[in-house]
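Residues per chain, in single letters:
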Amino acid sequence: MYRQRSTMYNYDIDSVDGIDKLRERMDNAGSDVTAWSHILSDYIQFGNNKIAKSVAIFNMNSASDCPNRESDNCQVPWEKCYAGQAERQYKQVLPYRRRQEYLWDCMSAELWANAFAELVSRKRNDVTAIRFSEAGDFRSNADIIRVNQIAKMVDVDVYTYSASDYLNWSLADSFTVNQSNDFSEYGNRRFTALPEGSELPEDTVWCPFDYSDKSGDERPKCGECRLCINPEGPNVAIEIH
Ligand code: SF4
């Protein structure tokens, strides 16, 4: 009987642009942490239009492959998902994020944390936090466990946003989780995306970056603003534009 080949991914990882080159680099790196730190460095971004340069950004998957894509779990419609828009607009973005996913799945927490420490030691600028999943979301409890282990080993704050409410978030005791839907209580605070013109819910503040957009104030980026990074603090809301 013919059995369909099953892989960890719902796309053909062997056909992802640049995967052979990445595999060759990983193969050559062996147990050399410095070599791994150079690989990881190519898959970590420091800052973007909303996040300060002092914050390292790493995705465990793409928005296109997000476990919560186009589901009720996600509070942002797929067509308004910034991460998804970038993947549709720029052809190199989706393969890059798929290679990030592959790299993530090939690295232990210890290797990731040690490689991260080395790449940070080469940087001139301060690094104060790691943001996991700017695109995509946590796929399983194993992702939570690995990020939690990393958070214990690195000397910067680790934070994320997740709409994967169905996972066991009690496993995340060493990093900050912003809860992105109302299906269950998890994480450190609620992070809500509200339709334009909505009233601010109780115990909630507007994201200063989002709010300054409208008021014309100087915009504090994530990292400069720590509302979502600190484990304690109020709920945060943004408007869906
Ligand atoms: S509240 Fe602060 S940390 Fe959270 S998204 Fe807005 S700017 Fe970033």
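Residues numbered from 1 in each chain as written. Predicted model: local features only at pLDDT ≥ 70, side-chain atom pairs only at ≥ 80, totals over all residues.

### Description of the overall build of the protein chain
Scanning the protein chain from N- to C-terminus turns up seven helices and eight strands. In terms of overall size, the protein chain behaves like a compact globule, its C-alpha atoms giving a radius of gyration of 18 Å where 241 residues would be expected to give roughly 18 Å. Across its three principal directions, the C-alpha atoms of the protein chain cover 55 × 50 × 35 Å. Classification of the 241 residues of the protein chain by burial places 37% in the buried group. Here the analysis covers contacts within the protein chain between residues at least 6 apart in sequence; of these, 69% occur between residues at least 24 apart. (Helix = DSSP H or I, 4+ residues; strand = E, 2+ residues; numbered from the N terminus. Rg over C-alpha atoms; globule rule 2.2 N^0.38 Å. Buried ≥ 20, exposed ≤ 12 C-beta atoms within 10 Å, placed from the backbone. Contact = placed C-beta atoms within 7 Å.)

### Section: the site of the ligand
All residues adjacent to the ligand are Cys 207, Pro 208, Phe 209, Pro 220, Cys 222, Cys 225, Leu 227, Cys 228, Ile 229 and Val 236. Taken together, the residues that form the shell around the ligand break down as ten nonpolar, no polar and no charged. (Near = placed C-beta within 6 Å. Nonpolar A, V, L, I, M, F, W, Y, C, P; charged D, E, K, R; others polar.)

### Points about the pairing of strand S2 (residues 55-58)
Sheet topology places strand S1 (residues 45-46) next to S2; two bridges connect them, and they run antiparallel. Each residue of the ladder has a partner; that of Phe 46, found in S2, is Ala 56. Relative to strand S3 (residues 129-132), S2 runs parallel, the two being bridged by four bridges. The partner of Val 55 across the bridge, within S3, is Ala 129. (Pairing = 2+ DSSP bridges.)

### Side note on the nonpolar core
Soluble, globular proteins show a tendency: their nonpolar side chains are buried together. Grouped together as the largest cluster of nonpolar side chains are 43 residues, with contacts concentrated most on Phe 116 and Val 158. Contributions of two or more residues to this core are made by helix H2 (33-41), S2, helix H4 (93-106), helix H5 (109-121), S3, helix H6 (141-153), strand S4 (157-162) and strand S8 (235-240). Ranked by residue count, the leading element in this core is H5, at six residues. Residues contacting Val 158, with those up to four places away along its chain left out, are Ala 129, Ile 130, Phe 132, Val 147, Ile 150, Ala 151 and Phe 175. (Core = buried A, V, L, I, M, F, W, Y, C linked by C-beta atoms within 7 Å.)

### Quick word on H6
For H6, with 13 residues, the first-to-last C-alpha span of 19 Å sits near the 18 Å given by 1.5 Å per residue. Taken together, the buried positions of H6 are occupied by Asp 143, Ile 144, Arg 146, Val 147, Ile 150 and Ala 151. For H6, the angular spread of the buried residues around the axis is 165°, confining them to a single face. Of the surrounding elements, those touching the buried residues of H6 are H5, S3 and S4. (Expected span 1.5 Å × (residues − 1). Arc of directions from axis to C-beta.)

### Structural notes on the sheet that holds strand S7 (residues 204-206)
Read from one edge to the other, the open sheet built from eight strands follows the order S1-S2-S3-S4-S5-S6-S8-S7, with strand pairing classed as mixed. In this open sheet, the two edge strands, each paired with only one partner strand, are S1 and S7. Sheet analysis places S7 next to S8, joined by three bridges and oriented parallel. By the bridge assignment for S8, Val 205 is matched with Val 236.

### Some details on the environment of Gly 187
With respect to the element layout, Gly 187 can be found in the loop between strand S5 (176-179) and strand S6 (189-195). Counting along the chain gives 26 residues from Gly 187 to Tyr 161, while the straight-line C-alpha distance between them is 8.9 Å. Those residues in contact with Gly 187, other than ones at most four positions away along the chain, are Trp 169, Val 177, Asn 178 and Gln 179.

### Comments concerning unusual backbone geometry
Residue Glu 70 is not a glycine yet carries a positive backbone phi of 50°. Considering the arrangement of structural elements, one finds Glu 70 in the loop between S2 and helix H3 (82-89). Residue Glu 70 is classed as exposed on the basis of its C-beta count, with 12 C-beta atoms lying within 10 Å. Notably, Asp 203 is not glycine yet its phi reads approximately 55°, a positive angle.

### Here's the deal with the packing of H2 against H5
Where H2 contacts H5, the axes come no closer than 8 Å and their chain directions differ by 80°. One way to sum up the angle between H2 and H5 is to call them roughly perpendicular. Contacts between H2 and H5 involve Val 33, Thr 34, Trp 36, Ser 37, Leu 40 and Ser 41 from the first element and Leu 111, Asn 114, Ala 115, Phe 116, Glu 118 and Leu 119 from the second. Grouping the constituent residues of the contact of H2 with H5 by class yields seven nonpolar, four polar and one charged. (Axes fitted to C-alpha atoms, helices over the stretch in contact; angles between N-to-C directions. Parallel < 35°, antiparallel > 145°, perpendicular 65-115°, else oblique.)

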